[in-house]
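Coordinate analysis (summary)
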Amino acid sequence: MSIDLTLDRIQRLARLFPAYTRPTCHIAGTNGKGSVSALVASMLSSSTPPLSVGRFNSPHLVSVNDCIVINGESVSFEIYEQTRAEIVRTDQERNIGASSFELLTLTALVIFERAELDVVVLEVGMGGRLDATNIISDECVLVSALTSVDLDHQAFLGNSVSAIAKEKAGIARRRKPFVVGGQAHPDVETAVEEAVNAAGAELLYALPVLTREWDASIDGAPLPPFSLSAIPFVPPLPLPVRFSMPCFEHPVLALLPLHGEHQLDNLALAVSVVSAVLMNVSWTSVRRRFTDEVIARGIRSAKWPGRLSFHTLGSPPLLVLADGAHNPASSKTLGTYVSQLVAMHHESAPSRPLSLTYVLALSHSPPKTPRETLAPLFPLETPANIQVRTSVALVDFTPPEGMPWVKCVPPVELQEVVQSLDPEAETWLDESDAPGGLGRALEWAAKRKGEEDGLVVLAGSLYLVADFYRL
């Protein structure tokens, strides 16, 4: 099935079920939607007494039901299956022909409505104006938000960042706040301003967030460095941050556990979304449940797997950084972060050799090319005095359930791209036709590391990250 962006099918199908009425934070963008959604949901669910909070993200990571979350836990597979079966049966009986994503979106909305949740954080799938999530009514929307916009899905959204931004800003609702996060392209803000004003929404910009010196008194004692002493290469500590919110007298001092400087922009947008919710006149009584300490606790508790997430495998342990970077912008972010890690490691242990191994897979997504996506990673930008031995394993990922249009770029094609970008990098292709290529790639990475300090970076697609978590 190809992608046909329209709201006609899902609107017809949704009318056959009770209306969706949950207060909702609606979040669009190219990069950072998931991180912002996770932060917003974590902050809102940390109130005293807690609010009941739903969250919908796509695509799913490991299992299809894990994209529908209530109070921090994926809905049970039984509830997901029962609800989806009911929706599929109705779709077939009425011969509507809803797409897989439309069925998934309506499944989430029906589950949230039946659970009578206090608030829902709803992530747009692709675009905004014609995305299936945009069928929710104006009355439901507490706030709309836009994360960083960049080139992606041009075949469906437009060939310029301004055209894509306009489509994504199509979730703006009349007389409702629309918060814009930090943008890399100046054209985005102009296009968004026009679209938001045309919709009659209230245009807001993300509140500033500042980093601070480490303070062990914030939110309890800080986490120690990575506890496995057998791994000299260690992830960084959570980042201390400071910001003000209009609804609180005191500034918020918090620890941000999500890694990478780009998460400061995501946090700024998430905080601004929560601020807009709490400033809503209909939420005056709920606002009393929140303090600056509650917000700090929510930030500290946020989790978003598969985005600059550290894991260990085997013995001796192998440190793996998993990230779903899948387009040039997110690859640039990943490359910058890995460069910073390498520099930090060299500063702390300048005499120790360092190996860097990538395990990569990419989706076939023209007009985006593998070369455009991988160029920010090869060769890695590091100071001239830092020597890094680079190896690259190229693999396939498991096709995602219900998305037959998603195809993997052949590993041999990726190998050619890597070798053209960085001729000194050693590459590996799986010579076996048997399942388990990712496992064999990780075994190869462990052997390449040997006695050196080493980091494995697994990236290029969330579908590959999902395979990693299954493994």
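Since this is a predicted model, take the numbers as computed values, not measurements.

As a further point, take the packing of aromatic side chains. The full count for this structure, using the stated rule, is seven aromatic pairs. Aromatic side chains F468 and Y469 sit 5.7 Å apart centroid to centroid with 50° between the ring planes, which places their arrangement in the tilted category. Exposure remark for Y469: the relative accessible area of 25% places this residue in the partly exposed category.

Now for the nonpolar core. Core analysis: the biggest nonpolar cluster contains 47 residues, and L44, F243, I295 and I299 have the highest contact counts within it. Mapped onto this core, the elements with two or more residues apiece are β1 (24-28), α2 (33-44), β5 (119-123), β6 (141-146), β10 (239-243), β11 (252-256), α8 (262-278) and α10 (292-300). When residues in this core are grouped by element, the largest group, eleven residues, is from α8. In this structure, F243 is in contact with P208, V209, P251, V252, L267, V271, I295 and I299, ignoring residues within four places of it in sequence.

As a further point, take the pattern of salt bridges. Per the counting criterion, the structure on display carries eight salt bridges. With a closest N to O distance of 3.0 Å, R114 and E86 form a salt bridge. In this pair, R114 is assigned in helix α4 (residues 100-114) and E86 in helix α3 (residues 77-93), connecting sequence segments 28 residues apart. For the salt bridge of D430 with R440, the shortest nitrogen-to-oxygen distance reads 2.8 Å. Residue D430 is located in the loop between β16 (426-429) and α14 (437-449), and its partner R440 is located in helix α14; the two are separated by ten residues in the primary sequence. With a relative accessible area of 23%, R440 lands in the partly exposed category.

A word on helix α11 (residues 328-348). Every α-helix winds through 3.6 residues per turn, so residues three or four apart in the chain are directed the same way. Its 21 residues place the ends of α11 30 Å apart at the C-alpha level, agreeing with the 30 Å of an ideal helix rising 1.5 Å per residue. Those residues of α11 that are buried are in contact with β12 (309-313), β13 (318-322), β14 (354-360), α12 (370-374), β15 (388-394) and β17 (453-459).

A word on the sheet that holds β13. With respect to topology, six strands assemble into an open sheet ordered β12-β13-β17-β14-β15-β16, the strand pairing being mixed. A strand with exactly one partner marks an edge of an open sheet, and here the two such strands are β12 and β16. Averaged over all pairs of adjacent strands, the angle between their axes in this sheet comes to 25°, without regard to strand direction. With seven bridges connecting them, β14 and β17 associate as parallel partners. If you follow L354 over to β17, its bridge partner there is D453. Those strands touched by α11 are β12, β13, β14, β15 and β17, and its axis lies near 170° from that of β17.

Right, let's talk about the pairing of β15 for a bit. With respect to burial, β15 is a largely interior element, five of its seven residues being buried. When β14 meets β15, the two strands line up parallel, connected through seven bridges. Bridge assignment links T357 to a residue of β15, and that residue is S391. Of the strand pairs in this sheet, β15 and β16 are connected by four bridges, and their pairing is parallel. Looking across to β16, one finds that S391 is bridged to E426.

Taken together, three strands build an open sheet; the order of strands is β9-β10-β11 and the sheet is antiparallel. The open sheet terminates on both sides in strands that have one partner only, identified here as β9 (210-211) and β11. Where β9 lies against β10, two bridges are found, and the strand directions are antiparallel. Counterpart to T211 in the pairing with β10 is V241. Seen against the sheet, α8 touches β9, β10 and β11 and runs at an angle of roughly 40° to β10. The sheet strands contacting α10 are β10 and β11, and the helix crosses β11 at an angle near 10°.

About the cut-offs
Residues numbered from 1 in each chain as written. Predicted model: local features only at pLDDT ≥ 70, side-chain atom pairs only at ≥ 80, totals over all residues. Heavy atoms only, no water. Phe/Tyr/Trp six-rings, centres within 6.5 Å; stacked < 30°, edge-to-face > 60°. Buried < 20%, exposed > 50% of the residue type's maximum accessible area, 1.4 Å probe, protein only. Core = buried A, V, L, I, M, F, W, Y, C linked by side-chain atoms within 4.5 Å. Helix = DSSP H or I, 4+ residues; strand = E, 2+ residues; numbered from the N terminus. Contact = heavy atoms within 4.5 Å. Salt bridge = Lys/Arg side-chain N within 4 Å of Asp/Glu carboxyl O. Expected span 1.5 Å × (residues − 1). Pairing = 2+ DSSP bridges. Axes fitted to C-alpha atoms, helices over the stretch in contact; angles between N-to-C directions.

Geometry only, nothing functional implied.
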